[in-house]
Amino acid sequence: MSELSESGSYNSYNSLSAGSPLPLQEIFNGAETKCQSHYLQSRINTNYEQVKQQLKESAEKKNSSKIYSSLQHLTYYKVEKDLLETILRIIDITDDKKTLRLAYYFLGEISQFKHLINNSTEIKNITTIFNKEMQHKDISRKVVSLKTTASVAPNDVLIDANILDVISGILRKVGEDPDKTQKKKGFFTRATTDLGRERSLLQYSCFVACRNRYKNNPSLFMPIVEGIKCVDPVGARHAVSLTLNYALENPSTVAATTKRFIPLLKANKGKEAVYLVDPFARRNFIKLCGHLAATPSPIGNVITMENKDFFQSLCQSVMDAHLSVAFYAINVLSRFSWPTLESAHIDAIQFDSELPHFESLAFQTSLIVGICNKMRIGFNTYSIGAYSNYSMQHGHHHLHHYHQGGSGTVGGSVPSSSSSSSSSSNITTSALSSGSSSNSSLSSQQLLLVQQQQQQLLHQQSNPFLHLACKLISVLSQSYVKYSYPKDSTTQQPIIGDWSFDEKQYQHQSVYPYHHNLSPFTGLPNPISNNNNSSNNTKDQSTTTTTSTTSSSSNSIHPFSSLTQLILNLLNISPSISIRIQALKALVWLCPSNLDQSKLYLETFRSQLRDPYHPTHLFKELFLELYKRIIATPILSPMILELVYDWIDIIPSKCDTSLVCEIWKTIVEFGKVFANEKLLASIFKILDRIVHPDFRVLAMEIQKDIIKFLGEYSNQITFEQPSRFEQCKSRSGSNQQQHLSNMSLNSIIQRLQQYSIFSPWQIRLESIDSLAKIAFQSSTVVKVHIYNFLTLLPNESHGWTTVKSNTSIIVNTLDQLLTCRAKWLPLFKSSDLSQNQIKDLKNDHTNLCLQIGLFFDQLSFDYLPLGIESKKYLGSK
Amino acid sequence: MINSLLITNNNGNIVFSKYYSNINDEKQSEYEKLLYQFTKDEWVNSKNEKHLVTEFSGYITVFTNVGDLMLFLCGSEEMDELALSDVFFPIIESLKDICKKKGVTEQNFIEQIPKFILYLDEIIQRGHLDQVQLESIQNYSSLKHDQPIKKDNV
């Protein structure tokens, strides 16, 4: 970042505290610095080589004060392997704890060069020092040595055996049955005495050492699993994590061994159910449960009784009092299929002093309801202002809107912390009750108060929570949408649906240019105009027939719809771009699979396009998500087409045309005539729109991309190519009609011809290229038409040389193509070809494919330049 | 796992960086570049230690402002936004603890880096979270493991 910051520009160089600074040249000329950053190097008065030398000398002379100061200076640098010997020597000779800790820190840093440690002296030194430290009476030296040596020591049989011996000695008592020792009551759980505390510390260091070195050692399996009960909360966390590593390899054994630890499982109550104090340990345990619950049983991919308990434990974890843990449980649950989630429930939870981290739950609740409640509580607590009306005219750019809130959708219990936020929100509401009707009537004092409250509210927002909550809502909604959307019974592809009904509805609501029905303040749909629209829509509904396929998806209520308002409100209260991106992505999947019901969402997305402060990547993320949505639910394509128009029209500078073309391509691949007609209409509308002079250059770039798209996909859009026509037939709902293709193709060709005469040379060049592509993929009639046009094309204006040379290549190729076609067609019709003729045919085919291939990124493998008739001969040997 | 911790001054100059994942210098600099681009405009909103989030290239980064410094903690896999936010607390506590005499200023922090790296080494080891209680962090970083924990902050 230092290299990027313009304002930074190393201006603090002169403020060095002491010593003579390195000349700038020396710092920046070297491509690399051993310091953590060039900037940091400019702020300190040492360099790596200097410090390294000093350390080596002081270690030789056993000068403890100099050793310590050199080690301190060395912390500013990334160390190398050549310091290993010096560091080992320092550990060997020093008794000073500060020096020792620094030396062990660097030993840990050198572990990244573990693979380079192959010198027998170094290995011997590491082993000797480790053995010596393990005999030391100071517990700290044992702990730090075990942790560090496990990571730095090279992979060597003797060293492995040595460290493993120590770990086994700590986790098992010598002379006892190794697998029974850890089960002895209190072995892991008692740490009230000094001895017990020491034991738990050593156990902790063993678990860290195992994470660094012995992740799946079979001989340590039992002690590690038992270690979940370790009284040291961090030790227990590491033990759970290690158990997960075992579970990745052998889930059934781990499931059988760890089932007794599941909290809230009736069979475990009062026995071995563990209370993991550390929230991160609980997160690890949830990850373990998630893995074991998702592991298919040997008899098939079904949830058995064994993994059912782990799945239920996940569901119960949604009620964890620690928000991070509860949301991690939701995150893990979101990976299960929708039917599994839909049928799951959270059992009632009574307060248990042994398991205080679970919130009480009076009755058994459906898992989805439980998740929604948890989300609402979180939103109440952390997205303050979601239920208040406020304005901030002179505040942050995103907060200049009046907020339309106050939904009555909130349910569930609200924690005490939320009451404070809601009370502050109420103050704001009352302060603005008059202001919301007329902002000009606000006095400066009121505005100041509002601004102060706004700032206060802003600080209460938890961005991490809102970010994660939106992501989870998006993932869960996606799972629901994909499952519930009707599929074609034979192909199992999402049905395309019938867009004609919805098209009429949309015509009532918004025409280009749009926004007549938007509130000028909020950017949200105007309730009055919406009511009018909905009444219009109702009338339409009565006169139009809805297809059965669309109605089935529209009738089902989105299980997370109650969260929609909360997320919509986020767009008004949160200035964070990341939060806005996640909120928009969630809204994409919260949108019902029904065009009529999606209008609110359409207008919300539209209003985002008008925000001048939104960066390009926000729109890319939004449209990428919309792109995914139309793949899952093609019925929403008309909505996306409208948004694409707005994207190009309102903010051409922030438009990603490659993404737009991908969206269009997806619609083309639906293979429906009405879809392609709608797409063409949308493309023509974009090409025909009046462009503001300021955007002329941008508009030309966009036009070029659109023309290129037309060149590549016109034949597919208009079903001109017979082979593709055959493919389209297999798609559900395809009702292609050959006669339509000519009309559509004609209109495309006419436009391209127009552009290739009357436009700037760049557009002319692209249009001619597109015409050529269309010609190469079309029937002979079209080929001849385009050939004639290109031969008569005037080339007089600026840039003519490029256009002319390009055109002449195309004309030549077309000429060859038509000549070959004329040569072979009578032969195809007459009789079977001789071997020599077939050979000639293949040569002609290959030559033409090579030439025509230059015009395409990737020419279709089944492309037949000489016509469909040549297919049977080209396949023969 | 935790991928990296970056500490910069308010101009974006890196004063401390620690990468736990095995990514080369080129990737590191690319990440830093993107991080700067994606977050710079929002630094102003991270005053008073407010945790903000950004996400790109599959990495989640939580960032905040403490004194004169900006802190960026990047994670992946199970380290989601809330987890990273929780990890920030012991880091910020440690930072304040080492700078308690002169306050969290750039100069003071640079002087205290030798102490800070030991604190950090107790909090994050090879990308895994370790100690989270300040008292444990203080004791362990000075090799005083035998000191009993005075209060339970868990």
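Residues numbered from 1 in each chain as written. Chains lettered and ligands numbered in written order. Predicted model: local features only at pLDDT ≥ 70, side-chain atom pairs only at ≥ 80, totals over all residues. Heavy atoms only, no water.

Looking only at helices and strands, chain B has four helices and seven strands in total. If you list the helices and strands of chain B from N to C, you get β-β-α-β-β-β-α-α-β-β-α. Over its C-alpha trace chain B gives a radius of gyration of 15 Å, about what one expects of a compact globule, namely 15 Å for 154 residues. Counting only C-alpha atoms and orienting by the principal axes, one finds that chain B spans roughly 45 × 35 × 25 Å. Across the 154 residues of chain B, 64% fall into the buried class. For chain B, the computed accessible surface area is about 5800 Å², with 46% contributed by carbon and sulfur atoms. Charged side chains in chain B number 15 positive and 24 negative. The centres of these two groups are separated by 8 Å. (Helix = DSSP H or I, 4+ residues; strand = E, 2+ residues; numbered from the N terminus. Rg over C-alpha atoms; globule rule 2.2 N^0.38 Å. Buried < 20%, exposed > 50% of the residue type's maximum accessible area, 1.4 Å probe, protein only. Areas by Shrake-Rupley, 256 points an atom, 1.4 Å probe, with all protein chains shown as cover. Lys, Arg positive; Asp, Glu negative; His and termini not counted. Charge placed at Lys NZ, Arg CZ, Asp CG, Glu CD.)

Moving on: empty space enclosed by the protein. Residues and elements named next belong to chain A. Under the counting rule described, the total for this entry stands at seven cavities of 30 Å³ or more. Approximately 110 Å³ is the volume found for the largest cavity. Going through the elements one at a time, helix H15 (279-294) and helix H16 (305-317) are the ones with two or more residues in the lining of the largest cavity. (1 Å grid on protein atoms, 1.4 Å probe; cavity = no way out; pocket = protein on both sides within 12 Å on 5 of 7 lines; lining within 4 Å. Points joined across faces, edges and corners; volume = space filled by probe spheres on them.)

All right, on to the environment of A:Ala632 then. Here A:Ala632 is to be found in helix H29 (residues 616-632). Residue contacts for A:Ala632: discarding those within four places in its chain leaves A:Lys482, A:Tyr485, A:Pro494 and A:Trp589. (Contact = heavy atoms within 4.5 Å.)

Further remarks concern the packing of helix H3 (residues 48-61) of chain A against helix H4 (residues 64-74) of chain A. A pair of packed helices is characterised by two quantities: the angle between their axes and the separation of those axes. Residue and element names in this part refer to chain A. H4 packs onto H3 with a crossing angle of 155 degrees between their chain directions and a minimal axis gap of 9 Å. One finds that H3 runs roughly antiparallel with respect to H4. As H3 packs across H4, the resulting crossing turns out to be left-handed. Along the contact surface, H3 presents Tyr48, Val51, Gln54, Leu55, Ser58 and Ala59, while H4 presents Lys66, Ile67, Ser70, Leu71, His73 and Leu74. For the contact of H3 with H4, the per-class residue count stands at seven nonpolar, four polar and one charged. (Axes fitted to C-alpha atoms, helices over the stretch in contact; angles between N-to-C directions. Parallel < 35°, antiparallel > 145°, perpendicular 65-115°, else oblique. Left-handed = near helix turned anticlockwise from the far one by under 90°. Nonpolar A, V, L, I, M, F, W, Y, C, P; charged D, E, K, R; others polar.)

The next subject is the sheet that holds strand S2 (residues 14-19) of chain B. Residues and elements named next belong to chain B. Reading across from one edge, S2-S1-S5-S4-S3 is the order of the five strands in this open sheet, with antiparallel pairing throughout. Single-partner strands in this sheet number two, and they are S2 and strand S3 (52-56). Each strand of the sheet is rotated relative to its neighbour by a mean of 15 degrees, with strand direction disregarded. Each of strand S1 (2-9), S2, S3, strand S4 (59-66) and strand S5 (69-75) touches helix H1 (residues 25-39); the most contacted strand, S3, lies at about 130 degrees to it. (Pairing = 2+ DSSP bridges.)

All right, on to the interface of chain A and chain B then. Each partner contributes residues to the interface: chain A has 69 residues there, and chain B has 66 residues. Across the chain A/chain B interface, buried area totals approximately 5800 Å², and carbon plus sulfur atoms make up 54% of it. The interface formed by chain A and chain B contains ten salt bridges. For A:Lys147, the salt bridge identified is with B:Glu122, shortest N-O distance 3.8 Å. In the side of chain A that touches chain B, the residues fall into 27 nonpolar, 27 polar and 15 charged. (Buried area = accessible area lost by both parts, 1.4 Å probe. Salt bridge = Lys/Arg side-chain N within 4 Å of Asp/Glu carboxyl O.)

All names here are of chain A. Evaluation of the coordinates by the stated rule reveals zero disulfides over all chains. Residue cysteine 470 stays outside any disulfide, its sulfur separated by 13 Å from that of cysteine 372, the closest cysteine. Free cysteine: cysteine 820, not disulfide-bonded; nearest cysteine sulfur from cysteine 849 at 11 Å. Accessibility expressed as a relative area gives 14% for cysteine 820, which makes it buried. (Disulfide = S-S within 2.5 Å.)

Right, let's talk about the packing of aromatic side chains for a bit. The tally for this structure, following the rule as stated, stands at 24 aromatic pairs over all chains. Taking 6.4 Å as the distance between ring centres and 85 degrees as the angle between the ring planes, the aromatic pair formed by B:Tyr19 and B:Tyr31 counts as edge-to-face. Taken together, the residues B:Tyr19 in strand S2 and B:Tyr31 in helix H1 connect sequence positions twelve residues apart. The pair B:Tyr19 / B:Tyr31 is uniform in exposure class, with both members buried. Their ring planes at 80 degrees and their centres at 6.5 Å tell us that B:Tyr31 and B:Tyr59 sit as a pair that is edge-to-face. Here B:Tyr59 lies in strand S4 and B:Tyr31 lies in helix H1, a separation of 28 residues in the sequence. An aromatic cluster is built from B:Tyr19, B:Tyr31, B:Phe38, B:Phe56 and B:Tyr59, whose rings are joined through pairwise contacts. For the cation-ring pair, A:Arg751 lies above A:Phe684, with the distance from its terminal atom to the ring centre recorded as 4.0 Å. (Phe/Tyr/Trp six-rings, centres within 6.5 Å; stacked < 30°, edge-to-face > 60°. Lys NZ or Arg CZ within 6 Å of the ring centre and 35° of its normal.)

This next bit is on the layout of surface pockets. All names here are of chain A. For the second largest pocket, the calculated volume is near 1000 Å³. If you go around the second largest pocket, you meet 39 residues; those closest to its centre are Pro263, Leu264, Leu265, Ala273 and Leu355. Residue assignment for the lining of the second largest pocket shows that the elements contributing at least two residues are helix H13 (233-249) and H16. Broken down by element, the residue count for the lining of the second largest pocket peaks at six residues, all from H16. A class-by-class count of the residues in the lining of the second largest pocket yields 20 nonpolar, eight polar and eleven charged.

Turning our eyes to something else, we now look at the environment of A:Lys839. Here A:Lys839 is to be found in helix H39 (residues 835-853). Each C-alpha atom of the pair A:Lys839 and A:Tyr873 lies 9.3 Å from the other, and the pair is 34 residues apart in sequence.

Let us look at the nonpolar core. A:Phe327, A:Trp664 and B:Phe109 are the most contacted members of the largest nonpolar core, which totals 276 residues. For A:Phe327, the residues in contact, after removing those within four places along its chain, are A:Lys374, A:Met375, A:Phe465, A:Leu468, A:Ala469, A:Leu472 and B:Leu82. Listed in part, the twelve residues of the second largest apolar core include B:Tyr36, B:Trp43, B:Leu52 and B:Phe56. (Core = buried A, V, L, I, M, F, W, Y, C linked by side-chain atoms within 4.5 Å.)

The next thing to look at is the confidence of the model for chain A. Here chain A averages 78 in pLDDT, and 74% of its residues register 70 or above. Across residues 2-31 of chain A, where pLDDT falls below 50, the model places 47 contacts with residues more than four positions away in sequence or in other chains. (pLDDT = per-residue confidence, 0-100.)

Before going further, it helps to spend a moment on the packing of helix H11 (residues 194-212) of chain A against H13(A). All names here are of chain A. Interhelical geometry of H11 versus H13 gives an angle of 35 degrees and a closest axis separation of 8 Å. The way H11 lies across H13 gives a crossing that is left-handed. Across from Tyr204, Phe207, Val208, Cys210 and Arg211 in H11, the residues of H13 making contact are Val234, Gly235, His238, Ala239, Ser241 and Leu242. Among the residues making up the contact of H11 with H13, the classes are represented as seven nonpolar, three polar and one charged.

On to the side chain of A:Thr148, then. Along the chain, the position of A:Thr148 falls in helix H8 (residues 139-152). If we skip the residues at most four places from it in the chain, A:Thr148 touches A:Tyr104, A:Leu107 and A:Gly108.

Right, let's talk about the side chain of A:Arg751 for a bit. Residues and elements named next belong to chain A. As for its position among the elements, arginine 751 is in helix H35 (residues 738-758). Residue classification places arginine 751 among the buried positions, given a relative accessible area of 16%. Setting aside anything within four residues of it in sequence, one finds arginine 751 in contact with Phe684, Leu687 and Asp688.

Glancing now at the pairing of S2(B). Residue and element names in this part refer to chain B. Burial within S2 is extensive, with six of its six residues counted as buried. Both S1 and S2 contribute to a ladder of five bridges, which runs antiparallel. From the neighbouring strand, threonine 8 faces S2, where its bridge partner is isoleucine 14. The antiparallel hairpin formed by S1 and S2 contains four residues in its connecting segment, where glycine 12 sits at a positive phi of about 95 degrees.

The next thing to look at is a positive patch on the surface. On the surface, A:Lys98, B:Lys101, B:Lys115 and B:Lys144 cluster together into a patch of positive charge. Tracing the backbone through its elements, the reader meets B:Lys144 in the segment after helix H4 (134-141). With a relative accessible area of 37%, B:Lys144 lands in the partly exposed category. (Patch = residues over 30% accessible without salt bridge, like charges linked within 9 Å, V, L, I, M, F, W, Y side chains within 5 Å.)

This part covers the pattern of salt bridges. Taken as a whole and judged by the stated rule, the model has 38 salt bridges over all chains. Across the pair A:Asp160 and A:Arg213 runs a salt bridge, and its minimum N-O distance is 2.8 Å. Note that A:Asp160 is positioned in helix H9 (residues 157-171) and A:Arg213 in the loop between H11 and helix H12 (221-226), a separation of 53 residues in sequence. Residue A:Asp160 is classed as partly exposed on the basis of its relative accessible area, which comes to 24%. A salt bridge links A:Glu603 to A:Arg606; its shortest N-O distance comes to 3.0 Å. Residue A:Glu603 and its partner A:Arg606 are both found in helix H28 (residues 599-609); the two are separated by three residues, about one turn of the helix. For the pair shown, A:Glu603 and A:Arg606 are each scored as buried. Linked through salt bridges whose partners overlap, the residues forming this network are A:Arg101, A:Lys147, B:Asp121, B:Glu122 and B:Asp130.

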